[in-house]
Amino acid sequence: MKRSYLILAISSVILFLSFRQFDEKFEQTRVVPNHSFGAGERVEYRVHYGFINAAEARVEVGKSVSVINSRPCYKVAVTGRTVGAFDLISKVRDTWRSYIDTTAILPHMFERQIQENRYRKEETVYFNHNKDQAISNIKDESKTFNVPNNIHDIISGYFYLRTINFDKVSEGEVIEVPTFFDGQVYKLRVRYVGKDVIKTKFGKTRVLRINPLIPDNKFFKGEGAMRLWVSDDSNKIPVKAEVELMIGSLEMDLKSYKGLRKELNWF
């Protein structure tokens, strides 16, 4: 498997995660009911290629609330790293952070520190929702982008999806979330497939089946190459994921969890 396949695929699975304030305060008007997550949540995953451990990932919500743009925010950190033989082939050490408004479930700041083999990148993005702008800072360069109303970053978009009541979503329906990433605006699109029961190391559990829709490219097998199984409860955390590559597939399994708002149901 080529290194580019490993880095892109592992980064895709992991993602599916100094304060500056603007002169203007965020005029918060949107209120999104949230019964799915809160401070102190921590979920860890094992990523494997067949029987070979490939990587490990962690999604963690800070125990205390941060203040950005004079608004209380959840600090969400997503970290991922390759392990074992994969670490020798394609070394990945990635950290992503999003500061998500506790009421509007919108990002006020997004950070990423990327280490993939010799490649390095650090970026901080500030969101000015009053002006519908995203300000990206990389090294000493700052760029301002016009963005749609209620824009998300890739982490806050995922947490926003967790607040959706899928009992009111029809099977086959596609949900779209406007997202800013790497200087571009795109729509984070996921298709709700339906309900199922799967077996994990903790036991069996009821899940929602969701397919993040990926644009055609040379790495993944079609638009529906990624599949997620999300707990069918108020938490809505991924308990399993699969990514079909042009060569083989990667799987992600729930390794450990704590601090959930509601205990997961196993049987």
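For every chain, the first residue of the written sequence is number 1, and numbering continues from 1 along that sequence. Local features in a predicted model are, by the rule used here, given only for residues with pLDDT of at least 70; side-chain atom pairs are given and counted only at 80 or more, and totals for whole chains, interfaces and linings are based on all residues. Excluding hydrogens and water, the side-chain values take into account all heavy atoms of the structure.

Now for the overall build of the chain. Segments assigned H or I by DSSP are reported as helices when at least four residues long, segments assigned E as strands when at least two residues long, and all are numbered from the N terminus. A count of helices and strands for the chain gives three helices and 15 strands. Only protein chains enter the accessibility calculation, which uses a 1.4 Å probe. A residue is then buried if its area is under 20% of the maximum for its type, exposed if over 50%, and partly exposed in between. Buried residues in the chain amount to 52% of all 267 residues. To be clear on the numbers: accessible area is Shrake-Rupley with a 1.4 Å probe, and residue cover counts the displayed protein chains and nothing else. Accessible surface, the chain: about 13000 Å² in total, of which carbon and sulfur atoms supply 47%.

For the rest of this paragraph, the subject is the pairing of strand E7 (residues 119-128). Buried residues dominate E7, accounting for seven of its ten residues. Relative to strand E8 (residues 133-138), E7 runs antiparallel, the two being bridged by five bridges. Paired with Asn128 across the two strands is Gln133, which belongs to E8. Whether two strands pair comes down to DSSP finding at least two bridges between them.

Glancing now at unusual backbone geometry. Of note in the backbone geometry, Asp132 takes a positive phi value of approximately 55° without being a glycine. You can see Asp132 is positioned in the loop between E7 and E8. You will see that Lys139, though not glycine, has its phi angle at about 55°, which is positive. Of the residues examined, Lys139 reaches a relative accessible area of 82% and is grouped as exposed.

Before going further, it helps to spend a moment on the pattern of salt bridges. Salt bridges are counted wherever a side-chain nitrogen of Lys or Arg sits within 4 Å of a carboxyl oxygen of Asp or Glu. Here the structure, examined in full by the defined rule, presents 22 salt bridges. For the salt bridge of Arg46 with Asp253, the shortest nitrogen-to-oxygen distance reads 3.9 Å. Of this pair, Arg46 sits in strand E1 (residues 42-49) while Asp253 sits in strand E15 (residues 249-258), placing them 207 residues apart in sequence. We classify Arg46 as partly exposed; its relative accessible area is 30%.

Residue position: Gly50 is located in the loop between E1 and strand E2 (52-61). Owing to a relative accessible area of 47%, Gly50 belongs among the partly exposed residues under this scheme. In this structure, the C-alpha to C-alpha distance between Gly50 and Leu250, residues 200 residues apart in sequence, is 7.2 Å.

As a further point, take the nonpolar core. Grouping buried Ala, Val, Leu, Ile, Met, Phe, Trp, Tyr and Cys residues that are joined through side-chain atoms within 4.5 Å yields what is termed a nonpolar core. Formed by 57 residues in total, the largest nonpolar core has its most connected members in Val76, Ile155, Phe159 and Phe166. It is helix H3 (residues 154-162) that contributes the most residues to this core, five residues altogether. In this view, Phe166 contacts Leu161, Ile175, Tyr192, Leu208, Ile210 and Lys236; residues no more than four positions away in its chain are not counted. Judged by nonpolar contacts, the second largest core, of five residues, contains Ile68, Cys73, Met109 and Tyr126. It only takes one pair of heavy atoms within 4.5 Å for two residues to be counted as in contact.

Before going further, it helps to spend a moment on the confidence of the model for the chain. Across the chain, the average pLDDT comes to 89, with 87% of residues at 70 or higher. pLDDT expresses how confident the predictor is about each individual residue, on a scale running from 0 to 100. Summarising per-element confidence for the chain, the mean pLDDT is lowest in helix H1 (residues 3-15) (54) and highest in strand E9 (residues 141-146) (98). Confidence drops under pLDDT 50 across residues 17-23; counting only partners more than four residues distant or on other chains, this segment forms 23 contacts.

All right, on to H3 then. Burial within H3 is extensive, with eight of its nine residues counted as buried. Residues of H3 that are buried include every one of Ile154, Ile155, Ser156, Gly157, Tyr158, Phe159, Leu161 and Arg162, and no others. Polar contacts here mean pairs of N or O atoms no more than 3.5 Å apart (in protein, one a potential hydrogen donor and the other a potential acceptor; neighbouring residues in sequence count only if both atoms are side-chain atoms). By the N-cap criterion, in which a side-chain oxygen at the helix start approaches the backbone nitrogen of a residue two or three places on, H3 is capped by Asp153, the distance to Ile155 being 2.9 Å.

The next subject is the packing of aromatic side chains. Each Phe, Tyr or Trp ring, with Trp reduced to its six-membered ring, pairs with another whose centre is within 6.5 Å; inter-plane angles below 30 degrees give stacked pairs, above 60 give edge-to-face pairs, and intermediate values give tilted ones. All chains considered together, the criterion is met by twelve aromatic pairs. Taken together, a centroid distance of 6.0 Å and an interplanar angle of 55° make the contact between Tyr49 and Phe86 tilted. Here Phe86 lies in helix H2 (residues 84-89) and Tyr49 lies in strand E1, a separation of 37 residues in the sequence. Using a relative accessible area of 24% as the deciding quantity, one classes Tyr49 as partly exposed. Classification of Phe86 by relative accessible area gives buried; the value is 7%. Summarising the aromatic geometry, the rings of Trp96 and Phe110 are spaced 6.2 Å apart at their centres and angled 45° between planes, so their arrangement reads as tilted. Taken together, the residues span a long stretch of sequence, with Trp96 in strand E5 (residues 93-101) and Phe110 in strand E6 (residues 107-116) at a distance of 14 residues. For the pair formed by Trp96 and Phe110, the shared burial category is buried. By way of ring pairs, the aromatic residues Phe37, Tyr74, Tyr158 and Phe159 are connected into one cluster.

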